Amino acid sequence: MKEIVFILTTLDAHATHRVNDFVAHGFHVQVNTFVRVNARQLLETKWPVNVIGEFPNALPYRQRIKIIVQGIRQVARQYKGRKDVVFYYLGLDIAMFATGLIHQPYIFEECDLNHTYIGNKVVRAVMERIDCRIIRRSLQTIFTSEGFFTYHQLKNTDNITLIANKLPRSIYDVPALSKRPTDTQHLSFGFAGDVRYETIVNFASVLVRRFPMHEFHFFGTIQERVKQSVTELEQFPNCHFHGRFRSPDDLPKIYSQIDFTLATYDTRFENVRYAEPNKIYEAVYFRTPIIVSKGTFLQTKCEKLGIGCAVDAMSEDDVVRLVSGLTQERVDKMYADIQLLPQAYAIDNNDAFFEKLKTI
């Protein structure tokens, strides 16, 4: 079995989860990562981590390139010529440099279509060609959303595996909490995560203003770009702020308090239209219908599974129409439909992928 050499742009929760998955399946790993200035103390893992570069959060991407290239070269020299390793590049920002500097087999993981945020259409098109070339030449590519297959329109997907952002198996160790009975005269809506889109805030604003009998709950951090808008909601007694939480430990408590979970991300961004966030799997596991943005892959999947509904979160009329239409009959049907999916559907099980990898 070959050693897996990770090169990460940052050691966040997703990257840690992925490395842990490889370790759990018997692979020996070497983790190389870039870190933000003064963030080394956050690297608390069960496996050694090699820091190959450091830069402040505010440093523009163009100025990070030199640091990234130097770090990748450092790893390349260490493993040059070794045939017992496979490299693992998480994200296009690492892969596009690593594939040019390291000419050895690699696995590529695409969690987001980050290049779709580039404003210049020509540059964005060039990045898409680079992305597809990296995918084609990979030993294996992991997509975290079915929507990425649609976006890339690749003819051959034999070396691509879908590994969605499902809940870790450790969620089984977290004590479950029963949900309160659903009363459509007093519904509770909630968003759990990093609040960074106006679409989340606008939905909450319409709800607490137009429906004083209902509640909205924010669980998590508020980004600076929307802080002013969120602060304005503090005046409403039916809007509640709970601050940071630990995942998955605090998820049972969060979902026991809400009747609907919100995932109305901003569809102005292409990545949002094709991504498959973990909220859909939290909704299934915790038996809580989900509200998503119209015109997204997430809407298609939710409607196919029958576990929620879609809304244009920036349209006050559409939000009012949706919430007004949540009759007891409709809500009861959503809850009945979501119960039809086994909770195991929402849990990571990538055994087939790792068995395939062991034979390559």
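First, a word on what this report is: a plain description of the structure on this page. (Residues numbered from 1 in each chain as written. Predicted model: local features only at pLDDT ≥ 70, side-chain atom pairs only at ≥ 80, totals over all residues. Heavy atoms only, no water.)

Another aspect to go through is the overall build of the chain. Assigned secondary structure in the chain consists of 14 helices and 13 strands. The C-alpha atoms of the chain give 22 Å as radius of gyration, which agrees with the globular expectation for 360 residues (21 Å, within 12%). With the principal axes as the frame, the chain shows a C-alpha extent of 65 × 45 × 40 Å. A burial count over the chain gives 52% of its 360 residues as buried. If you take every contact in the chain between residues at least 6 apart in sequence, the share linking residues at least 24 apart comes to 67%. Here the chain carries 44 positive and 40 negative side-chain charges, and the mean point of each set is 8 Å from the other. (Helix = DSSP H or I, 4+ residues; strand = E, 2+ residues; numbered from the N terminus. Rg over C-alpha atoms; globule rule 2.2 N^0.38 Å. Buried < 20%, exposed > 50% of the residue type's maximum accessible area, 1.4 Å probe, protein only. Contact = heavy atoms within 4.5 Å. Lys, Arg positive; Asp, Glu negative; His and termini not counted. Charge placed at Lys NZ, Arg CZ, Asp CG, Glu CD.)

Quick look at the packing of aromatic side chains now. Throughout the structure, instances matching the rule amount to 27 aromatic pairs. Seen from their ring centres, Phe 203 and Phe 216 are 6.4 Å apart, and the 55 degrees between their planes marks the pair as tilted. Of this pair, Phe 203 sits in helix H6 (residues 198-210) while Phe 216 is found in strand S9 (residues 215-219), placing the two residues 13 residues apart along the sequence. Under the relative-accessibility criterion, Phe 203 is labelled buried at 0%. Residue classification places Phe 216 among the buried positions, given a relative accessible area of 0%. Grouped by ring-pair contacts, the aromatic residues Phe 6, Phe 22, Phe 27, Tyr 88, Phe 353 and Phe 354 constitute a single cluster. Of note, Lys 166 hangs over the ring of Tyr 345, and the distance from its end group to the ring centre comes to 4.7 Å. (Phe/Tyr/Trp six-rings, centres within 6.5 Å; stacked < 30°, edge-to-face > 60°. Lys NZ or Arg CZ within 6 Å of the ring centre and 35° of its normal.)

Remark: a regular strand shows side chains that alternate across the two faces of the sheet. Residue alternation in strand S6 (residues 140-143) divides its side chains into two sets, Gln 140 and Ile 142 and Thr 141 and Phe 143, and both sets are buried. Relative to S6, strand S5 (residues 106-110) is paired through 4 bridges, and the arrangement is parallel. Residue pairing across strands places Ile 107 opposite Gln 140, the latter belonging to S6. This β-α-β element, S5 to helix H4 (residues 121-137) to S6, shows right-handed connectivity. Bridge analysis of S6 against strand S7 (residues 160-162) gives 3 bridges, and the strand direction is parallel. Paired with Ile 142 across the strands is Thr 161, a residue of S7. Each parallel crossover has a hand, and the one from S6 via helix H5 (residues 147-152) to S7 is right-handed. (Pairing = 2+ DSSP bridges. Right-handed = clockwise from strand over helix to strand, strands pointing away.)

Within helix H14 (residues 351-358), burial applies to Phe 353, Phe 354 and Leu 357. The buried side chains of H14 occupy one side of the element, clustering within an arc of 95 degrees when seen end-on. Of the surrounding secondary structure, the elements contacted by the buried residues of H14 are helix H1 (13-24), S5, S6 and S7. (Arc of directions from axis to C-beta.)

Here H6 contains 13 residues, and its C-alpha end-to-end distance of 18 Å stays within 8% of the 18 Å for a straight helix at 1.5 Å per residue. With 10 of its 13 residues buried, H6 lies for the most part within the structure. For H6, every residue scored as buried is listed here: Thr 199, Ile 200, Val 201, Asn 202, Phe 203, Ala 204, Ser 205, Val 206, Leu 207 and Val 208. (Expected span 1.5 Å × (residues − 1).)

All right, on to the packing of helix H3 (residues 92-101) against H4 then. The contact between H3 and H4 brings their axes to 10 Å, and the two run at 70 degrees. By the angle between their directions, the pair H3 and H4 is classed as roughly perpendicular. Contact residues: H3 offers Leu 92, Ala 95, Met 96 and Thr 99, while H4 offers Met 127, Ile 130, Asp 131 and Ile 134. Tallied by class, the residues present in the contact of H3 with H4 amount to 6 nonpolar, 1 polar and 1 charged. (Axes fitted to C-alpha atoms, helices over the stretch in contact; angles between N-to-C directions. Parallel < 35°, antiparallel > 145°, perpendicular 65-115°, else oblique. Nonpolar A, V, L, I, M, F, W, Y, C, P; charged D, E, K, R; others polar.)

The full count for this structure, using the stated rule, is 16 salt bridges. Arg 209 is the partner of Glu 316 in a salt bridge, and the nearest nitrogen-oxygen pair spans 3.1 Å. Of this pair, Glu 316 sits in helix H12 (residues 316-324) while Arg 209 sits in helix H6, and the two are 107 residues apart along the sequence. For Glu 316, a relative accessible area of 29% puts it in the partly exposed group. A salt bridge links Glu 224 to Lys 227, with the nearest nitrogen and oxygen atoms 3.6 Å apart. (Salt bridge = Lys/Arg side-chain N within 4 Å of Asp/Glu carboxyl O.)

Strands sit in the order S10-S9-S8-S11-S12-S13 across an open sheet of 6 strands; the sheet is parallel. Because the sheet does not close on itself, it has two edges, and the strands there are strand S10 (239-241) and strand S13 (308-311). Strand-to-strand, the axes of this sheet are offset by a mean angle of 25 degrees, without reference to chain direction. Pairing geometry for strand S8 (residues 188-192) and S9, over 5 bridges, is parallel. Looking at S9, one finds that Phe 189 is bridged to Phe 216. The strands touched by H12 are S8, strand S12 (290-293) and S13; relative to S13, the strand with the most contacts, the crossing angle is about 155 degrees.

These values are about where atoms sit, not about what they do.
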